[in-house]
Amino acid sequence: MDDLDHNTFELEERDKKLDDVDLIMEHLTLIQIDLENASSGSLAENVSCSRNVLRKQRHWEKMIMAKKSKRKQEKERRKTKLSGNTDRDTSQQLHSKRFLKALTKERLLEAKDSGTRLCIDLSMTDHMSKKELSRLAAQIRRLYGSNKKAAKPFWLYLTGFVQHSLLYDECVRMND
């Protein structure tokens, strides 16, 4: 009988311990819920951090929120811009690439006959360094490209542009 009382006592002790464990687990889940609902970081971090660190964290969160709102505004701006330009885009899509190339060529030939002339003197290129020649070649390329796209293009004269010179080789290298 003594063994039976002892076993019953052990079972009661186990039940009490399990009840205590259940109670502790319940408290831990409540604490975890509170931590998840905390606005910035965990409660343990807030307690152990200084005011300066907390201030920096709040500032960082404000910056992130500002970036998110700015992205949303940019997205809305793009949407309104795209919806406003649909009529112009459709008129440009009506023409094929071949037609647009022919139109560009026609404008350039018209500029040759009656357009404004622009002369660029390249005779001093032999006094330029390699870096200056490279930048000049890039400028000539940009000038040619923007002139080609212009509504009223210039007729370009490149004087002193000698074949197999350093500038010529640089222009060929940059423009294939």
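- The protein is annotated in an unreviewed UniProt entry as tRNA (guanine(9)-N(1))-methyltransferase from Staurois parvus.
- Turning to the protein, the UniProt record has this under Catalytic activity (unreviewed entry): "guanosine(9) in tRNA + S-adenosyl-L-methionine = N(1)-methylguanosine(9) in tRNA + S-adenosyl-L-homocysteine + H(+)".

### Side note on the pattern of salt bridges
In a structure, side chains of opposite charge can pair up when their charged atoms sit close to one another.
Step number 1: Going through the model one piece at a time under the given rule, you end up with three salt bridges.
Step number 2: Look at the salt bridges and you will find they share partners, linking Lys130, Glu170 and Arg173 into a network.

### Examining the pairing of strand β2 (residues 155–159)
Step number 1: In this structure, strand β1 (residues 117–121) lies alongside β2, joined through five bridges in parallel fashion. Residue pairing across strands places Cys119 opposite Tyr157, the latter belonging to β2.

### Examining the packing of helix α6 (residues 130–149) against helix α7 (residues 166–175)
Step number 1: Contact geometry of α6 with α7 gives a least axis separation of 9 Å together with a crossing angle of 55°. By the angle between their axes, α6 is oblique relative to α7. Crossing of α6 over α7 shows right-handed handedness. Between α6 and α7, the residues in contact are Lys130, Leu133, Ser134, Leu136, Ala137, Ala138, Ile140 and Arg141 and Leu166, Leu167, Glu170, Cys171, Arg173, Met174 and Asn175, respectively.

Rules behind the numbers
Residues numbered from 1 in each chain as written. Predicted model: local features only at pLDDT ≥ 70, side-chain atom pairs only at ≥ 80, totals over all residues. Heavy atoms only, no water. UniProt positions renumbered as here; feature names shortened; annotations may be inferred. Salt bridge = Lys/Arg side-chain N within 4 Å of Asp/Glu carboxyl O. Pairing = 2+ DSSP bridges. Helix = DSSP H or I, 4+ residues; strand = E, 2+ residues; numbered from the N terminus. Axes fitted to C-alpha atoms, helices over the stretch in contact; angles between N-to-C directions. Parallel < 35°, antiparallel > 145°, perpendicular 65-115°, else oblique. Left-handed = near helix turned anticlockwise from the far one by under 90°. Contact = heavy atoms within 4.5 Å.

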